[in-house]
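Here's the letter readout for the chains.
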Amino acid sequence: MFKLLFFVLPLLAFAQSKSGVGRPATADEIRQRNLSISPSGAGLPAGQGTAQQGKSIYDAECASCHGSKLEGDPQKGYPALAGGQGTINTPKPVKTVGSYWPHAPGVFDYIHRAMPYDHPRKLSADQVYAVTAYVLRVNGIVGDAEVMNAKTLPQVKMPNRDGFIPDTRNAKGKKTPAL
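Residues numbered from 1 in each chain as written. Predicted model: local features only at pLDDT ≥ 70, side-chain atom pairs only at ≥ 80, totals over all residues. Heavy atoms only, no water.

Ala104, Pro105, Val107, Phe108, Asp109, Ile111 and His112 are the residues of helix H5 (residues 104-114) that are buried. Residues of H5 that are buried make contact with helix H6 (125-138). (Buried < 20%, exposed > 50% of the residue type's maximum accessible area, 1.4 Å probe, protein only. Helix = DSSP H or I, 4+ residues; strand = E, 2+ residues; numbered from the N terminus. Contact = heavy atoms within 4.5 Å.)

On to the packing of H5 against H6, then. Relative orientation of the contacting elements H5 and H6 amounts to 125°, with a least axis distance of 9 Å. Comparing their axes, H6 and H5 come out oblique. Seen from above, H5 lies across H6 with right-handed handedness. Contacts from Ala104, Val107, Phe108, Ile111 and His112 in H5 reach Ala125, Val128, Tyr129, Val131, Thr132 and Leu136 in H6. Along the lines of polarity and charge, the residues of the contact of H5 with H6 split into nine nonpolar, two polar and no charged. (Axes fitted to C-alpha atoms, helices over the stretch in contact; angles between N-to-C directions. Parallel < 35°, antiparallel > 145°, perpendicular 65-115°, else oblique. Left-handed = near helix turned anticlockwise from the far one by under 90°. Nonpolar A, V, L, I, M, F, W, Y, C, P; charged D, E, K, R; others polar.)

Now for the packing of aromatic side chains. Overall, the coordinates contain five aromatic pairs when judged by the stated rule. Arranged with centres 6.5 Å apart and planes meeting at 75°, the rings of Tyr78 and Tyr117 form a pair that is edge-to-face. Pair noted here: Tyr78 is in the loop between helix H4 (63-66) and H5 and Tyr117 is in the loop between H5 and H6, with a separation of 39 residues, a long-range link. We classify Tyr117 as exposed; its relative accessible area is 60%. Arranged with centres 4.5 Å apart and planes meeting at 40°, the rings of Phe108 and Tyr129 form a pair that is tilted. Here the residue Phe108 occupies a position in helix H5, and Tyr129 occupies one in helix H6, the gap between them amounting to 21 residues. (Phe/Tyr/Trp six-rings, centres within 6.5 Å; stacked < 30°, edge-to-face > 60°.)

Quick look at the pattern of salt bridges now. As enumerated under the stated definition, the model contains five salt bridges in all. A salt bridge links Asp59 to Lys55; the shortest N-O distance between them is 2.9 Å. Here Lys55 and Asp59 lie together in helix H3 (residues 51-61), a separation of four residues that amounts to about one turn. The exposure class of Asp59 is partly exposed, given its relative accessible area of 36%. (Salt bridge = Lys/Arg side-chain N within 4 Å of Asp/Glu carboxyl O.)

Among the secondary structure elements, Asn160 is positioned in the segment after strand S2 (148-149). From its side chain, Asn160 meets the backbone oxygen of Tyr100 in a polar contact 3.0 Å long. Setting aside anything within four residues of it in sequence, one finds Asn160 in contact with Ser99, Tyr100, Trp101 and Pro102. (Polar contact = N/O pair within 3.5 Å; in protein donor to acceptor, adjacent residues only side chain to side chain.)

Turning next to unusual backbone geometry. In the segment running from Met115 into Pro116, the intervening peptide bond is cis, with an omega of -10°. With respect to the element layout, Pro116 can be found in the loop between H5 and H6. Unusually for a residue other than glycine, Leu70 sits at a positive phi of about 65°. With respect to the secondary-structure elements, Leu70 resides in the loop between H4 and H5.

What follows concerns the nonpolar core. Counting residues in hydrophobic clusters, the biggest one holds 31 residues, and the most contacted among them are Leu136, Met148, Leu153, Val156 and Met158. Among the elements that line this core, the one with the most residues is H6, at eight residues. Those residues in contact with Val156 that lie beyond four places of it in its chain are Ala104, Leu136, Ile141, Val142, Met148 and Arg161. (Core = buried A, V, L, I, M, F, W, Y, C linked by side-chain atoms within 4.5 Å.)

The next thing to look at is H3. Taken together, the buried positions of H3 are Ala51, Gly54, Ile57 and Tyr58. Down the axis of H3, the sector holding all buried residues measures 115°, keeping them to one side. (Arc of directions from axis to C-beta.)

Before going further, it helps to spend a moment on the packing of H3 against H6. Interaxial distance between H3 and H6 falls to 7 Å at its minimum, and their mutual angle equals 100°. On the basis of the axis angle, H3 is roughly perpendicular to H6. Taking contact as the criterion, the partners of Ala51, Gln53, Gly54, Lys55, Ile57 and Tyr58 in H3 are, on H6, Gln127, Ala130, Val131, Ala133, Tyr134 and Arg137.

Here is the structure:
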C-alpha cells in the first residue's frame, strides 16, 4: 500500500503542476486520510464505545445489509459478521469476525475505512468503536459494557488470533520481526 502511495503521489503532483488543475493537499487533508491502523493498535484514533451503544448504531447503519442478527445476506453479497466458530478447519469454513479475523483493531479499521457500504467513513471514531464492540459482543468476544478504545481494543484476544502464520519477510525477501 505504501509503495503504491509513494509511486502514485509524485505522479499526481507532477500532473497537477503540468496541467494547472488541482492543488497540493493540505496537512490536515493528509491527516484525515491517513487511516493506517496496525494489528498492534498503532494508529487507532481517540474515542471509545461499548456494545450497548453500538447496537442502535448497528441497527441504523449496518443491519440493512448484514442483518439484525449479523447473519448477512449471501445472495446479495453481504457477509455474515457472526457465527462460524469452530468451522475454520472444516471443509466448509464460515469466515466471520468471530471465527476468522485475527486482530480486533483490524475490525475497527475495516468498519472505519469502508462502512457503511453506501457511505464509507460516515461514522465517527466513537461510533466505530461502539459498532466494533457490538460486533465483538455478538460473537461472544467482549461483554456488553466493556469499553473499546485505543488502549483496550488491541488487548482483545480474537478466537483465531493464532490461526495465521505471519509473513516475516520484507519487500526484499529478508526476514523481519513478526508483529
